[in-house]
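What the coordinates show
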Amino acid sequence: MHFAESQRHLVQILTILGYPVLREFKSDHSKRCFFAYAIFTKIISLGTIFFHCCDPILFPHNKATLIFFIWFAESVVNQICMAVLTLNNILKDNSLRKVSTLLDDLQSTFAIDCSQLRRTSDGVTFFVIILYFLVFIPVVFLSKNAFSIPSLIIKILYTIDGISFALYEVYLLMLLWSLEKLLIAINFRMIFAFTLGKSQPVVPLLTGHSKVLQCVELINRSFGLFLLLMTLEMLFLLTGNLYCHVFGIWPVVETERAYLTTIKTLIWIGPQLALWLAVIIKCSRFYYLANETALCTRHFDDYSMQNTKVTRQINKFLLKNLHQKKKFSAYGFFDIDNSVIYTVFSSIVTYLVILIQFKQLENDLTNKNGGGNDTSAT
């Protein structure tokens, strides 16, 4: 089973949600119609921000507070990320197909079965959909102690974007996992061939490794923007929600509702954060395996093999390996590795300190205005 076939169910769901990932179109007209549908769904999603912040049930807070502006900015950033992601998928449609074609060719060459990827992808997709629709939305209205049909429709439309973002992370994670399985197979077979003194499989294995690194270039071109948006989304999401809970919910909301609101936030953030961490770890793991391939050549014994062609190919591979990019990139802004996790969480702490200072300034101004009014009344 190839990668495209293993992700068929996930791709169909993303297509329904308006995200064109490896979608086969019968004609250019159907392709244009679907892209128009994708843009239309994003316009609706952008409109839900306005209705969401105006709904007295979903957002009863004072519209003049810093809490409201943080929530509004976080929602706008989220919707902009999803809209830019849709446009990126439309513009990078050919690159997405090249990744799939090259990956299927490599999996056929090295007999890699993606059945495990299909089971994992389907399981995670089902879990995310159930968690958001059947747990998150009910908890939202339980935390509000109120319910209305318009509010439910607005919340469903708003939740669909969260599901779409999480499912797109699942798709990228499965793609990285398939590349990891390829590198593991190549490294194992190369060590096995060198250990047994067989030179015939070495050249095809080195060629396969070069094609895997070609996939890295195509993925950076196709998914680099998404990696950047995903990291920025986590930064805004964690910073905004931590601040809003500490200063906007726990001090003013009764304990039971505060607990429900915290559970709601954890349900919303949890899957996206877990998938983001998994993607970062997979990117770092891929870089380690890509370098391990070059280290596998230390098992090569030129005197035992007596094959100058293999020796030349290995030397050429090692020279090329010095210059080939083996790291995934966030649209060229920074490389994706474990250091990104530290950078994001340290940035969250920095921005929280800044927001706390703004909160203190807001409180000082409020107290000053309150004191001035009391004096006038006296």
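Residues numbered from 1 in each chain as written. Predicted model: local features only at pLDDT ≥ 70, side-chain atom pairs only at ≥ 80, totals over all residues. Heavy atoms only, no water.

If you tally the helices and strands in the chain, you get 12 helices and zero strands. Taken from the N to the C terminus, the helices and strands of the chain come in the order α-α-α-α-α-α-α-α-α-α-α-α. Burial analysis of the chain (378 residues in total) assigns 51% to the buried set. Of the contacts made within the chain by residues no fewer than 6 positions apart, 83% connect residues no fewer than 24 positions apart. Carbon and sulfur atoms form 65% of the exposed surface of the chain, whose accessible area is close to 18,400 Å². (Helix = DSSP H or I, 4+ residues; strand = E, 2+ residues; numbered from the N terminus. Buried < 20%, exposed > 50% of the residue type's maximum accessible area, 1.4 Å probe, protein only. Contact = heavy atoms within 4.5 Å. Areas by Shrake-Rupley, 256 points an atom, 1.4 Å probe, with all protein chains shown as cover.)

Bringing the pattern of salt bridges into the picture now. Taken as a whole and judged by the stated rule, the model has three salt bridges. Taking the shortest distance from any N to any O, the salt bridge between Lys211 and Asp105 comes out at 3.5 Å. Here Lys211 is found in helix α8 (residues 202-249), whereas its partner Asp105 is found in helix α5 (residues 93-109), with 106 residues between them in sequence. Among the residues examined, Lys211 registers a relative accessible area of 28% and is labelled partly exposed. Residue classification places Asp105 among the partly exposed residues on the basis of a relative accessible area of 35%. For Glu180, the salt bridge goes to Lys282, with nearest N and O atoms at 3.0 Å. Of this pair, Glu180 sits in helix α7 (residues 149-196) while Lys282 sits in helix α9 (residues 255-296); the two residues are 102 residues apart in sequence, bridging distant segments of the chain. (Salt bridge = Lys/Arg side-chain N within 4 Å of Asp/Glu carboxyl O.)

For Thr125, the position within the fold is in helix α6 (residues 115-144). At a separation of 2.7 Å, a polar atom in the side chain of Thr125 contacts the main-chain carbonyl oxygen of Ser121. Not counting residues within four places of it along the chain, the set of residues in contact with Thr125 comprises Leu10, Ile13, Leu167 and Val170. (Polar contact = N/O pair within 3.5 Å; in protein donor to acceptor, adjacent residues only side chain to side chain.)

In the contact formed by α7 and α9, the axes pass within 9 Å of each other and the chain directions differ by 20°. The angle between α7 and α9 places the two elements in the roughly parallel class. Pair α7 / α9 crosses with left-handed handedness. Tallied by class, residues from the contact of α7 with α9 come to 24 nonpolar, five polar and five charged. (Axes fitted to C-alpha atoms, helices over the stretch in contact; angles between N-to-C directions. Parallel < 35°, antiparallel > 145°, perpendicular 65-115°, else oblique. Left-handed = near helix turned anticlockwise from the far one by under 90°. Nonpolar A, V, L, I, M, F, W, Y, C, P; charged D, E, K, R; others polar.)

Residues other than glycine seldom take positive phi values, yet Ala111 does so here, at roughly 55°. Within the secondary structure, Ala111 sits in the loop between α5 and α6.

What follows concerns α6. Residues three or four positions apart in an α-helix share a direction because the helix packs 3.6 residues into each turn. Under the 1.5 Å per step criterion, the end-to-end length of α6 is 43 Å for 30 residues, consistent within 8% with the ideal 44 Å. Largest kink in α6: about 30°, centred on Phe136, with the proline Pro138 one to four residues after it. Looking at the residues trailing α6, positive phi occurs at Asn145, about 55°. (Expected span 1.5 Å × (residues − 1). Bend = angle between axes of the 7 residues up to and from the residue.)

Another aspect to go through is the confidence of the model for the chain. For the chain, the average pLDDT comes to 80, and 88% of its residues sit at 70 or higher. Averaged over each element, pLDDT in the chain is lowest for helix α10 (residues 302-305) (50) and highest for α6 (88). A low-confidence stretch, residues 372-378 (pLDDT under 50), is modelled with zero contacts involving residues beyond four sequence positions or located in other chains. (pLDDT = per-residue confidence, 0-100.)

Turning our attention to the nonpolar core. The biggest cluster of nonpolar side chains holds 98 residues, and the ones touching the most others in it are Leu172, Leu179, Trp276, Phe286 and Phe328. Once you skip the residues sitting within four places of it in the chain, Phe286 turns out to touch Leu179, Leu183, Val212, Leu213, Val216, Lys326 and Phe328. (Core = buried A, V, L, I, M, F, W, Y, C linked by side-chain atoms within 4.5 Å.)

The next subject is the UniProt feature "transmembrane region" (unreviewed entry) in the chain. Residues given the UniProt feature "transmembrane region" (unreviewed entry) here are residues 34-52, 64-87, 124-143, 149-170, 223-253, 265-288 and 339-358. Summarising residues 149-170: 100% helix, 0% strand, and an end-to-end C-alpha distance of 31 Å. Along residues 339-358 the backbone is 100% helical and 0% strand, and the end-to-end C-alpha distance reaches 29 Å. (UniProt positions renumbered as here; feature names shortened; annotations may be inferred.)

With that settled, consider helix α3 (residues 28-54). Here α3 spans 40 Å end to end across 27 residues, near enough to the 39 Å set by a 1.5 Å rise per residue. Turning to α3, its buried residues number three or more, namely Phe34, Phe35, Ala38, Thr41, Lys42, Ser45, Thr48, Ile49, His52 and Cys53.

The interhelical angle for the contact between α3 and α7, taken along N-to-C directions, is 130°, at an axis separation of 9 Å. The orientation of α3 relative to α7 falls into the category oblique. The way α3 lies across α7 gives a crossing that is left-handed. On the side of α3, the interface is formed by Lys42, Ile44, Ser45, Thr48, Phe51 and His52, while α7 contributes Ile154, Lys155, Leu157, Tyr158 and Asp161. When grouped by side-chain class, the residues that make up the contact of α3 with α7 number five nonpolar, three polar and three charged.

The next thing to look at is the packing of aromatic side chains. This structure, assessed with the given rule, holds 12 aromatic pairs. Here the aromatic residues Phe3, Phe165, Tyr168, Tyr171, Phe223 and Phe226 are joined through ring pairs into a cluster of three or more. Taking the ring centre of Tyr287 as reference, the NZ or CZ of Lys327 above it sits at 4.8 Å. (Phe/Tyr/Trp six-rings, centres within 6.5 Å; stacked < 30°, edge-to-face > 60°. Lys NZ or Arg CZ within 6 Å of the ring centre and 35° of its normal.)

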